[in-house]
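# Results of the structural survey
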Amino acid sequence: MSRQRADYDDVVVSAPVTMPYVRYSIRGAHWFLAGVLAELLKCTGLNKGRLDGLCVSSFTLAPDTAVGLTQHLGVTLRWLDHIPMGGACGIVALRRAARAVQSGDADIVACIAGDTNHTDSFRSNLATFSQFARDAVYPYGSGGANASFAFLTEYYMRTYGATREDFGKLCVAQRANALAFPFALMKKPLALDEYLNARLVADPLRLFDCVMPCAGADAFLVLHRAQAEALGLPYARILSTIERHNAFPDDPIQYRGGWVLDREELYAQAGVGPQDIDVVATYDDYPVISLMQMEDLGFCKKGEGPDFVRRNSFTVDGSFPVNTSGGQLSVGQAGAAGGFLGLVEILRQVIGQTLGGAVENARVGLASGFGMINYDRGLCSGAAILAAGGGPS
Amino acid sequence: MRPPRKNPILRTRVPTLPPSVRSRVALGLTAAAARGSFELQVCRDCGTVQYPPRESCRVCLSLRLDWHVQDGAGELLSETMLRHSNELFYRERMPWRLGMVRLDCGPVLVAHLHGDCAPAPSRVRVRSALDRAGQAALMAMPEKDTPNMADDRQLREMTCDPKFRKVLITDAKTPLGHALVEAIVAAGADLVWAGYAEPWKKTAGFDQLASIPQVALLPLDLTNSRAVKDAAGEIGGRVDILINTADHHRNYGIAARNGVEVARAEMDVNYFGLLRLAQEFAPALRGRGADGQSSAVAWVNLLSIFALSNFPPHGTYSASKAAALSLAQCLRAELGPAGVRVINVFPGPIDDEWNQLLPPPKIAPARLASDIVHALRGGVEDVYPGDIAEDWLARWRDNPKALERELAAGT
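Residues numbered from 1 in each chain as written. Chains lettered and ligands numbered in written order. Predicted model: local features only at pLDDT ≥ 70, side-chain atom pairs only at ≥ 80, totals over all residues.

With an omega dihedral of 5°, the bond running from Ala62 of chain A to Pro63 of chain A counts as a cis peptide bond. Checked against the element boundaries, Pro63 of chain A lands in the loop between strand 2 (53–57) and helix 2 (66–73). A cis geometry characterises the amide bond from Tyr51 of chain B onward to Pro52 of chain B, with omega recorded as 0°. By the element assignment, Pro52 of chain B lies in the loop between strand 2 (49–50) and strand 3 (65–69). The backbone phi angle of Tyr252 of chain B is positive, close to 85°, even though this residue is not glycine. Along the chain, the position of Tyr252 of chain B falls in the loop between strand 12 (241–244) and helix 7 (261–270). For Tyr252 of chain B, a count of 15 C-beta atoms within 10 Å corresponds to the partly exposed category. (Helix = DSSP H or I, 4+ residues; strand = E, 2+ residues; numbered from the N terminus. Buried ≥ 20, exposed ≤ 12 C-beta atoms within 10 Å, placed from the backbone.)

Below, the structure written as structure tokens:
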């Protein structure tokens, strides 16, 4: 029996910040990380010297790690972490930082994630993503995540009866959400026909099923409630979080993620159920993984994802608002910042600081993370439930 | 199905390769594929079969992993037709069919998917072959053979099938050369140049070769630099597969003979002959490594199992073949970037006049010829045809020093 895990007490999360996304950049990752940190300090009124903790996620920071970044940025810290977990890095950074603040190892932790995107950096990242990818995936067509998700999507469609229209509905809804979000790279509405007839990338995936790599950065602050109030910052409380790595290694093909192992604890610790969640951010580099999260996080049963899509609208003003900033599919995937985008948007929703559409009376939000197609499946999963400062009720 | 003819107005496609970088542990798969074998890591302690290759057992963390032959039977779980790639090699060959396969022995693997495989879920056989980069590539094949399955576009990117190709056999006068011309023609080659030296010396049946419609006789003396250059100038730009069968073979080691003339003659054909050929023919092959679907694909060297370890009764001959093996490795490195495969053939004693005093088993020229065709079709780079070669190889891989002692003792 594992021990009951501790609540987060008065640790809060605050200051959602985004460094505007661009398709390509001639800058390095350091430029985006420095920029987002500067913006974070500016909007909180914090002096750089007040930070004593930093949590960094980036794919393109090499040869540096978070350590090199401290000298680059001129910060002196007593707590430092580097989270190379791709789409799960936001959730995991929050977890690490929250415990550091709670234990007193740090007072104010900036969590930052960002990447640059040179014209050829996507290819070179793919080629060297992992030992398994280099040995056993990349040499086979060199399709990257498109090919991996094509397998999962084809299997999911065949097994659970999902149609192209189901995925399309979600993508179209997210695009509608994105039109109000200033940093979204996709600026035009997406029609279902356009989605259905877009050019094939890796059957059954077409163009608008695939996330667009770009450059950018996101950040938030983890600190004590008293600190946030002293600074006059709106904040969200952390009701619960989970993470899991390499879940279900014996499933022949991924049809579920680690959330299934941890969701009971996620909701039990938060004291809320799926029905109490006002707004959700799924990790959405491809729509199939969003459907999987809706199932695995308990919003519907396994295999009912397609039906759930048919019953909901997913727009900011509709039923079951998802990826209200547009998600990665419409905003873009700025490398590791893709693992922050959803969490930052949920934070904005529950503290009432949205840049785009606001979900009415959003008090409790859930952000989910999914990352690292190391070989044939995503290995990291995580989720966090945040509530407006006043509490879930 | 014949690949479409090349449009001579268009630029010849420059060779590119699929990604070739692998971890050292993954090269175990390549080492097996080079011999035509599909092997995966098996844990010596708990028996788990695993893929992708690892440094330790994924179940019990044992470091004692061995490579064992697998039958490749499995189920196709899912598939895709890839239409966008991040690498030039694949961009030029889109679309590309890929599958995710679960082997009956456990592991899940990503594989190239043969066009005749039924949609998932379906039964497939996975085989391992060398791709154009010379690295092991897994390909899921239909469970049962289908008509013309060797013509599959993706499979042909991995094999060196003589079908629809033009082939030079450097010495067609020997019994092996003879058998090889016939086997290559039977395999569907468009044109076979049958090389011959010493025109004053007739061998039985050679003249009949000229009556085969696909065969053109070509004077070619590998000991003559000028002659090799002329031949390359005449046909070098059209050769898709070069098979060097020229072989000078005399008996005895060091003590039984005076002087170096015989040894020098062996070296002149077996080593310098290969060097002359490589200097004159390799540049054109390198340039045509991606010239349509019937591109330049392979260079075959007739070596000898004696190249691995000296056989004292044929001591100087063994030395010349060892030299040729070393040079062939250099040639392989130089042709690799063009996607042209160097296939080394290591037969045991061939049943011919120069092995008269060796007891059987000896490999028949026709069998050797068919093994060479099989190697071209199979995506391998090292071939050990015949029982003696297999026996020597097994002993050599087990313990090269023991083999040296055994050969010295005449066993």
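Right, let's get into helix 1 (residues 29–44) of chain A. A rise of 1.5 Å per residue sets the reference length of helix 1 of chain A, with its 16 residues, at 22 Å; its end C-alpha atoms lie 23 Å apart and thus fit the reference within 8%. Lining the buried residues of helix 1 of chain A we find strand 1 (11–22), strand 2, helix 2, strand 4 (108–115), strand 7 (215–224) and helix 9 (225–231) of chain A. (Expected span 1.5 Å × (residues − 1). Contact = placed C-beta atoms within 7 Å.)

Now for the domain arrangement of chain A. Residues and elements named next belong to chain A. Domain parsing of chain A yields domain 1 (11–120 + 215–231) and domain 2 (144–212 + 235–387). The C-alpha centroid of domain 2 is placed 23 Å from the C-alpha centroid of domain 1. Taken together, the 34 residues of domain 1 in the interface contact 37 residues of domain 2. Broken down by secondary-structure element, the contributors of at least two residues to the side of domain 1 that touches domain 2 are strand 1, helix 3 (89–103), strand 4, strand 7 and helix 9. The element contributing the most residues to the side of domain 1 that touches domain 2 is strand 1, with eight residues. (Domains from an automatic or database assignment.)

Do not read the predicted coordinates in detail wherever pLDDT is low. Across chain B, pLDDT averages 94, with 100% of residues at or above 70. Across the interfaces of the predicted complex, the ipTM metric reaches 0.92, alongside a pTM of 0.92. (pLDDT = per-residue confidence, 0-100.)

This paragraph deals with the environment of Ser211 of chain B. Relative to the helices and strands, Ser211 of chain B is located in the loop between helix 5 (206–209) and strand 11 (215–219). The spacing of Ser211 of chain B and Leu331 of chain B is 120 residues in sequence and 34 Å in space, taken between C-alpha atoms.

What follows concerns the sheet that holds strand 3 (residues 79–82) of chain A. Residues and elements named next belong to chain A. One open sheet accounts for nine strands, arranged 3-2-4-7-1-8-11-10-9; its pairing is mixed. On the outer flanks of this sheet lie strand 3 and strand 9 (279–281), each paired with one strand and no other. Pairs of neighbouring strands in the sheet enclose a mean axial angle of 20°, with direction left out of account. Two elements, strand 10 (residues 364–373) and strand 11 (residues 378–388), share nine bridges in a ladder whose sense is antiparallel. Following the sheet pairing, Ala367 is matched in strand 11 by Ala384. (Pairing = 2+ DSSP bridges. Axes fitted to C-alpha atoms, helices over the stretch in contact; angles between N-to-C directions.)

What follows concerns the sheet that holds strand 10 (residues 191–196) of chain B. The strands that make up a sheet are held in pairs by hydrogen bonds between backbone atoms, and each pair lies either parallel or antiparallel. Residue and element names in this part refer to chain B. The parallel open sheet is built from seven strands, whose spatial order is 11-10-9-12-13-14-15. At either end of the open sheet lies a strand with only one pairing partner, and these are strand 11 and strand 15 (382–383). Note that strand 14 (residues 341–345) and strand 15 share two bridges and pair parallel. Counterpart to Val345 in the pairing with strand 15 is Val383.

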